[in-house]
Amino acid sequence: MKSLINKFKKNKLLKFLANTELGFLLRNSLQVYPQSFKTPKKKYPISISDCFLWRTDKNYQTKFKYADLLNLFYKIENSWVEFHFYSKNNKLIKIRKIENLDLFNELVIDSKFFNNLEDYGVFYIYHFSMNSKIMEEDNVLVNRCYLGYSQNNNLFSFVHGNVYAKYTSILSNKKIEHNMMKMSFLMNENYAIQKYFDGFDQTELVFINPSSKTLKFKIEGQKYMLKAGCCRIIEIKQPVISILSNCRLLRPTVFSYKNRYLDVHHS
Amino acid sequence: MQHFFFGIKNELLNSEIQIPLFQNRKFKSENLQLYKCFPEKNKWIIEKISQRKINDYFFILKEEDISNKDIFFLADNDLEKKFNNKILENYRDFTIRANLKIYLRHGGFSSYQSDYPYSMINKLGTILSPVSSLCNSQAEKNYIIIRNIFEKPIEEKFKAYLINYNKKKIEKEYDLQTNFTNILELDKELIKPEIFIVTEKYIGIPMFVSLKNKFISFEHTLPPHEYIFSKNVFKIVTKLKKEMNEIINK
């Protein structure tokens, strides 16, 4: 088997095929060199965004803290960011461009930000600059950022970015792509959350589909489907949670409640 | 790879650690023993923890089990016989994270999935982390928590600095200790975009805590190299760290 794999690795055509979309699907389905995501290789500098959850439902506000990565790491001034906000059903609802960035910045997302919309959804951040002189072709920036969630105007509970999702050119001249996360034909990926969910009044898991394919998953005996870019909040009841899915890196965000207090973290 | 765990304790904050006996991708409970370890007179002291397994899946350590010196890890049952008290080792390839929760008595709680990987315990270096990303100038109190675990059982002092990157000056200096959970209180006026926490010589996990009206926020920051996926990532990050070190040493 080992020699077969070595032969496979040396064959350029097979190596090429193994790294196509279909190749990843097959590898993940057969569990042969499975891969969660693939860093894009392009001939231009790239800004990758995680898929970030925004919440304005149930009297929530979301605070997003982000760095001016181009200034911090490359001393490039006058860069800007663009936020693309989507509904929970992946409908684009707002684009916000922010210039004159500080080294570290924040954006508060409340219901007023969306014309009194009380709901939840996904957003992405992209860094752009016209200054390409010190950006080498293969530079890839990933903004992991920090998200705070506050309910009823209480203290924001912070959590860092969770999973890579979309990318585009920093030079602002290419389309947005979202094929980083690699999936499987089969529901053969297990993800058990390493937390004992006992003693809480309520626990919600927030699932976002970071891929360009349909996400299928099963939790507490219930099957769910999420189309590309969509998200869903699911309340769980059991103290130990294991998720079966067709995604190698399906890590929901956890909201645990007890009395009037809230804890948000990644699983 | 071996993963180590730690807790947090001061006059306000207490912690609880939930250590799983299963891996994320393999939901099968392993027959492993939980150990506690701490440095004393240049030796690692090891103790078996037998009373804290709550079911097949978890050990749960409560505040009375935790001090800022202790580290915890899972390994095979017979580890004590072959334990080297001069150096921590990779005892068991078992990749897990524990839920580290901090809480206030009669108040809120906050947690994250924490670990201190074996790959970090033999490294020297510099922590570089922005302060404003996770601190809150509207909060009543803000803490920066720096946990170091070093492979040798040393209790050595080292420094952390709050650096003003725009003014190129040190705003504040702290004394830290190796193999310890260091809890630093942060002045509100130093919560600004240009302020960074920087350590000298030893690395660790930087975590940030804010408190207001008995609510807590608790999260760790990501290291700078996680923001760049390029072959020159370490060159770029080293350049930034060098700038910070020049401010410290000028």
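A. Layout of the interface of chain B and chain A. Taken residue by residue, the interface counts 59 residues in chain B and 56 residues in chain A. For the pair chain B and chain A, the summed buried area comes to about 4800 Å², and 57% of that belongs to carbon and sulfur atoms. Of all residues in chain B, F215, Y227 and F229 of chain B bury the most surface against chain A, accounting for 18% of the area lost on that side. Viewed at the interface, chain A and chain B are joined by three salt bridges. One salt bridge connects E189 of chain A with R25 of chain B, and the closest N-O pair in it is separated by 3.6 Å. The set of elements that each furnish at least two residues to the side of chain B that touches chain A consists of strand 2 (14–20), strand 5 (58–61), strand 8 (109–114), strand 16 (205–212), strand 17 (215–220) and helix 2 (233–249) of chain B. Among the elements that line the side of chain B that touches chain A, the one with the most residues is strand 17 of chain B, at six residues. Taken together, the residues of the side of chain B that touches chain A break down into 29 nonpolar, 22 polar and eight charged.

B. Representation of the nonpolar core within the structure. F73 of chain A together with I19 and I197 of chain B are the most contacted members of the largest nonpolar core, which totals 98 residues. Counting residues per element, this core draws most heavily on helix 2 of chain B, which supplies seven residues. Filtering out sequence-adjacent residues up to four positions away, I19 of chain B remains in contact with F5, L34, Y57, F58, F59, L61, F72, L74, I96 and A98 of chain B. Listed in part, the 61 residues of the second largest apolar core include L25, C51, W80 and V254 of chain A.

C. Structural context of the pattern of salt bridges. Going through the model one piece at a time under the given rule, you end up with 33 salt bridges over all chains. One salt bridge connects K62 of chain B with E16 of chain B, and the closest N-O pair in it is separated by 3.2 Å. Remark: E16 of chain B occurs in strand 2 and K62 of chain B occurs in the loop between strand 5 and strand 6 (71–75); sequence separation between them is 46 residues. Looking at K62 of chain B, the relative accessible area reads 37%, which means it is partly exposed. The partner of K201 of chain B in a salt bridge is E156 of chain B, and the shortest N-O contact between them spans 2.8 Å. With K201 of chain B in the loop between strand 15 (195–199) and strand 16 and E156 of chain B in the loop between strand 11 (141–148) and strand 12 (157–164), this pair connects stretches of sequence that are 45 residues apart. Because the salt bridges share partners, they merge into one network encompassing R55, D57, K58 and E204 of chain A.

D. View of the state of the cysteines. For the coordinates displayed, the defined rule picks out zero disulfides over all chains. Unpaired in terms of disulfides, C135 of chain B finds its nearest cysteine sulfur in C145 of chain A, a separation of 17 Å.

E. The arrangement of unusual backbone geometry in detail. All names here are of chain A. Even without a glycine there, the phi angle at N78 is positive, about 60°. Examined against the element boundaries, N78 turns out to sit in the loop between helix 4 (69–74) and strand 4 (80–87). The exposed category is assigned to N78, whose relative accessible area is 71%.

F. Region of the structure containing the sheet that holds strand 7 (residues 120–128) of chain A. Residue and element names in this part refer to chain A. If you trace the four strands from one edge of the open sheet to the other, you get 2-7-4-5, paired in antiparallel fashion. The two strands at the open ends of the sheet, each matched to only one other strand, are strand 2 (52–55) and strand 5 (92–98). On average, adjacent strands in this sheet sit at an angle of 30° to one another, irrespective of strand direction. Examined bridge by bridge, strand 4 and strand 7 share eight bridges and lie antiparallel to one another. Of the residues in strand 7, the one forming a bridge with W80 is F128.

G. View of the pairing of strand 3 (residues 60–67) of chain A. Residues and elements named next belong to chain A. In terms of burial, strand 3 is a largely internal element, eight of the eight residues being buried. Burial along strand 3 is two-sided: Y60, T62, F64 and Y66 facing one way and Q61, K63, K65 and A67 facing the other are all buried. Looking at chain direction, strand 3 and strand 6 (residues 104–109) are connected through six bridges and run antiparallel. Bridging across to strand 6, Y66 finds its partner in N105.

H. Broad picture of the sheet that holds strand 1 (residues 46–50) of chain A. All names here are of chain A. Judged by pairing direction, the sheet is mixed, and its three strands sit side by side in the order 8-1-11 without closing on themselves. The open sheet has two free edges, formed respectively by strand 8 (140–143) and strand 11 (164–169), since each of these has just one partner strand. When strand polarity is set aside, the average angle formed by the axes of neighbouring strands in this sheet is 25°. Sheet analysis places strand 1 next to strand 8, joined by four bridges and oriented parallel. In the sheet register, S49 faces strand 8, and the bridge partner there is N143.

I. Representation of the environment of F128 of chain A in the model. Residues and elements named next belong to chain A. Following the sequence through the fold, F128 ends up in strand 7. Look at F128 and you get buried, because its relative accessible area is 5%. Sequence spacing of F128 and W80 is 48 residues, and the spatial spacing of their C-alpha atoms is 5.4 Å. Residue contacts for F128: discarding those within four places in its chain leaves L70, S79, W80, E82, T168, S169, I170 and S172.

Scoring rules and cut-offs
Residues numbered from 1 in each chain as written. Chains lettered and ligands numbered in written order. Predicted model: local features only at pLDDT ≥ 70, side-chain atom pairs only at ≥ 80, totals over all residues. Heavy atoms only, no water. Contact = heavy atoms within 4.5 Å. Buried area = accessible area lost by both parts, 1.4 Å probe. Salt bridge = Lys/Arg side-chain N within 4 Å of Asp/Glu carboxyl O. Helix = DSSP H or I, 4+ residues; strand = E, 2+ residues; numbered from the N terminus. Nonpolar A, V, L, I, M, F, W, Y, C, P; charged D, E, K, R; others polar. Core = buried A, V, L, I, M, F, W, Y, C linked by side-chain atoms within 4.5 Å. Buried < 20%, exposed > 50% of the residue type's maximum accessible area, 1.4 Å probe, protein only. Disulfide = S-S within 2.5 Å. Pairing = 2+ DSSP bridges. Axes fitted to C-alpha atoms, helices over the stretch in contact; angles between N-to-C directions.

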